[in-house]
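Per-entry structural report
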Amino acid sequence: MYPTSLTQLARANPFSAPLFTLQKVEEPQHSLNGQRPRRLAAAAAVDEDVSCEFGSSKYYALCGFGGILSCGITHTAVVPLDLVKCRLQVNPDKYKSIGNGFAVTVREDGMRGLAKGWAPTFIGYSMQGLCKFGFYEVFKILYSDMMGEENTYLWRTSLYLAASASAEFFADIALAPMEAVKVRIQTQPGYANTLRECVPKMFAEEGLWA
């Protein structure tokens, strides 16, 4: 096993360059009443009940599906609050506060008006969650293979940060088209009320780059 002090030092300094190398330390063999010493082999056996192999295509697919569920559902659930927030930022003279924003929106558009933009929100953030959770695992394994087992452990926090930043880069690109549609629906009264109305209109006016 590795020395405890070295393990603690590596854990306490995840961002600094390691000034040491790991070396295995031989433990003395002690016998108790003539019995053979116990060997702990935690994580040595493969759990046969796991749903998929780590790093397999199914593993990445499940991570991505988890991202779709977590991001898509949660962001869709807070669409009314997001709608009021966007309108507060775009037109602060009309929407004075959160409470006033809800009141004005309900008075002008009814309760259904609070759900404007739910479809692009669900699709966009589902795509973001898919890329965020899926690519995080991809980049984590990729960077780990590049660094090697020892450096992966010593620099694990930095590795997690790099993997998450790389995943978020692609996740935000996947979100951008639906986010543009959502903002048009929520902040430009009369422009469009649904995803099916907004996308063709944006494409006709500004082309694909809209």
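Labelled according to an unreviewed UniProt entry, the protein appears under the name Solute carrier family 25 member 3, originating from Ataeniobius toweri. The protein has a UniProt comment under Subunit (unreviewed entry) that states "Interacts with PPIF; the interaction is impaired by CsA." Regarding the protein, the UniProt comment filed under Catalytic activity (unreviewed entry) reads as follows: "phosphate(in) + H(+)(in) = phosphate(out) + H(+)(out)".

A few points about the overall build of the protein
If you tally the helices and strands in the protein, you get eight helices and zero strands. In sequence order, the protein lays out its α and β elements as α-α-α-α-α-α-α-α. The proportion of buried residues among the 210 residues of the protein is 30%. Carbon and sulfur atoms make up 62% of the accessible area of the protein, which amounts to about 14200 Å² in all.

Focus on the nonpolar core
Ranked by size, the top nonpolar core spans nine residues in total: Ala119, Met178, Val181, Ile185, Tyr191, Ala192, Leu195, Cys198 and Met202. Sorting the residues of this core by element identifies helix H7 (156-187) and helix H8 (195-206) as the ones contributing at least two each. Each residue touching Leu195, except ones within four places of it in the same chain, is listed here: Ala119, Pro120, Ile123, Met178, Val181, Ile185 and Pro200.

Digging into the packing of helix H5 (residues 118-147) against H7
H7 packs onto H5 with a crossing angle of 165 degrees between their chain directions and a minimal axis gap of 7 Å. Considering their axes alone, H5 and H7 lie roughly antiparallel with respect to each other. Seen along the crossing, H5 lies across H7 with a hand that is right-handed. Of the residues assigned to the contact of H5 with H7, the class counts are 22 nonpolar, six polar and six charged.

Things to note about the pattern of salt bridges
All told, the structure shown has nine salt bridges when counted by the stated rule. Residue Asp82 is joined to Lys182 by a salt bridge in which the shortest nitrogen-to-oxygen separation is 2.7 Å. Residue Asp82 is found in helix H3 (residues 79-90), and its partner Lys182 is found in helix H7; the two are separated by 100 residues along the sequence. Asp82 gets classed as buried once you look at its relative accessible area, which sits at 19%.

Here we look at helix H4 (residues 98-109)
Relative to the 16 Å expected for twelve residues at 1.5 Å per residue, H4 spans 16 Å between its end C-alpha atoms, a close match to the ideal helical length. When H4 is considered as a whole, its buried residues turn out to be Gly101, Val104 and Thr105. For H4, the angular spread of the buried residues around the axis is 100 degrees, confining them to a single face. Here the buried face of H4 lies against H3. Phi turns positive one or two residues past the end of H4, at Gly110, with a value near 80 degrees.

Parameters and conventions
- Residues numbered from 1 in each chain as written.
- Predicted model: local features only at pLDDT ≥ 70, side-chain atom pairs only at ≥ 80, totals over all residues.
- Heavy atoms only, no water.
- UniProt positions renumbered as here; feature names shortened; annotations may be inferred.
- Helix = DSSP H or I, 4+ residues; strand = E, 2+ residues; numbered from the N terminus.
- Buried < 20%, exposed > 50% of the residue type's maximum accessible area, 1.4 Å probe, protein only.
- Areas by Shrake-Rupley, 256 points an atom, 1.4 Å probe, with all protein chains shown as cover.
- Core = buried A, V, L, I, M, F, W, Y, C linked by side-chain atoms within 4.5 Å.
- Contact = heavy atoms within 4.5 Å.
- Axes fitted to C-alpha atoms, helices over the stretch in contact; angles between N-to-C directions.
- Parallel < 35°, antiparallel > 145°, perpendicular 65-115°, else oblique.
- Left-handed = near helix turned anticlockwise from the far one by under 90°.
- Nonpolar A, V, L, I, M, F, W, Y, C, P; charged D, E, K, R; others polar.
- Salt bridge = Lys/Arg side-chain N within 4 Å of Asp/Glu carboxyl O.
- Expected span 1.5 Å × (residues − 1).
- Arc of directions from axis to C-beta.

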